[in-house]
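The chain contents come next:
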Amino acid sequence: MHEYALPDMVLASALHNRSKGMHEHGFEHALKYGSPVNPNPWRYKMTAPCCRIKHTDTYRCAHEWNPDTALPLGDVIGGGKWHKPFPDRGSY
């Protein structure tokens, strides 16, 4: 915990659980089922997958793909209401 300058055991435990889930089951599993899970209003939306990939200079979607990158309202890191001194940039 102190090696990575995490302020408390709750954040250290969350990082440990999420990284362990990603290592053992992969990124998508950790994203969908990893713990801890933020309550619904503070959870990021899942983007629709790309249906076809093409390779040019890099791998990209073969058609126009505009994922929704909106942020949820409130504190997305710890859940709960916004408590920072600057405005909440969330939109849903």
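Anything mentioned here points back to the structure above.
Every value quoted in this text rests on a predicted model; they were computed, and no experiment measured them. (Residues numbered from 1 in each chain as written. Predicted model: local features only at pLDDT ≥ 70, side-chain atom pairs only at ≥ 80, totals over all residues. Heavy atoms only, no water.)

What follows concerns the overall build of the chain. Helices and strands together make up the secondary structure of the chain, namely two helices and two strands. Listing each helix as α and each strand as β along the chain from the N terminus yields α-α-β-β. Here the chain, with 92 residues, has 15% of them falling under the buried criterion. Intrachain contacts of the chain at a sequence separation of at least 6 include 26% that bridge at least 24 residues. Carbon together with sulfur atoms contributes 59% to the accessible area of the chain, which is approximately 7800 Å² in total. (Helix = DSSP H or I, 4+ residues; strand = E, 2+ residues; numbered from the N terminus. Buried < 20%, exposed > 50% of the residue type's maximum accessible area, 1.4 Å probe, protein only. Contact = heavy atoms within 4.5 Å. Areas by Shrake-Rupley, 256 points an atom, 1.4 Å probe, with all protein chains shown as cover.)

Turning to the environment of A62, a few remarks are in order. Relative to the helices and strands, A62 is located in the segment after β2 (59–61). Judged by relative accessible area, which is 24%, A62 ranks as partly exposed.

Its 17 residues place the ends of helix α1 (residues 9–25) 24 Å apart at the C-alpha level, agreeing with the 24 Å of an ideal helix rising 1.5 Å per residue. Within the span of α1, buried status applies to A12, A14 and G21. In this structure, the buried residues of α1 make contact with α2 (27–33). Immediately beyond the C-terminal end of α1, within one or two residues, lies G26, with a positive phi of roughly 100 degrees. (Expected span 1.5 Å × (residues − 1).)

What follows is about the packing of aromatic side chains. Summed over the entire model, instances satisfying the criterion amount to one aromatic pair. Plain terms: the ring middles of W82 and F86 are 5.5 Å apart, the flat faces sit at 75 degrees to each other, and that makes the pair edge-to-face. (Phe/Tyr/Trp six-rings, centres within 6.5 Å; stacked < 30°, edge-to-face > 60°.)

Another point: a nonpolar patch on the surface. Residues M22, F27, L31 and M46 make up a contiguous nonpolar surface patch of roughly 430 Å² in combined accessible area. With respect to the secondary-structure elements, F27 resides in helix α2. (Patch = residues over 30% accessible without salt bridge, like charges linked within 9 Å, V, L, I, M, F, W, Y side chains within 5 Å. Salt bridge = Lys/Arg side-chain N within 4 Å of Asp/Glu carboxyl O.)

Moving on, we get to the pattern of salt bridges. Across all of its chains, the model carries one salt bridge by this definition. Close ionic contact of D57 with R60 constitutes a salt bridge, the shortest N to O distance being 3.0 Å. In this structure D57 comes out as exposed when scored by relative accessible area, which is 67%.

On to the environment of H83. Tracing the chain through its elements places H83 in the segment after β2. Look at H83 and you get exposed, because its relative accessible area is 57%. Within polar-contact distance, the side chain of H83 engages the backbone oxygen of K81 at 3.4 Å. (Polar contact = N/O pair within 3.5 Å; in protein donor to acceptor, adjacent residues only side chain to side chain.)

With respect to the helices, strands and loops of the structure, D57 is situated in the loop between β1 (53–55) and β2. Among the polar contacts listed, one links the side chain of D57 to the side chain of R60, at a separation of 3.0 Å.

Treat this as a map of the structure, not an account of what it does.
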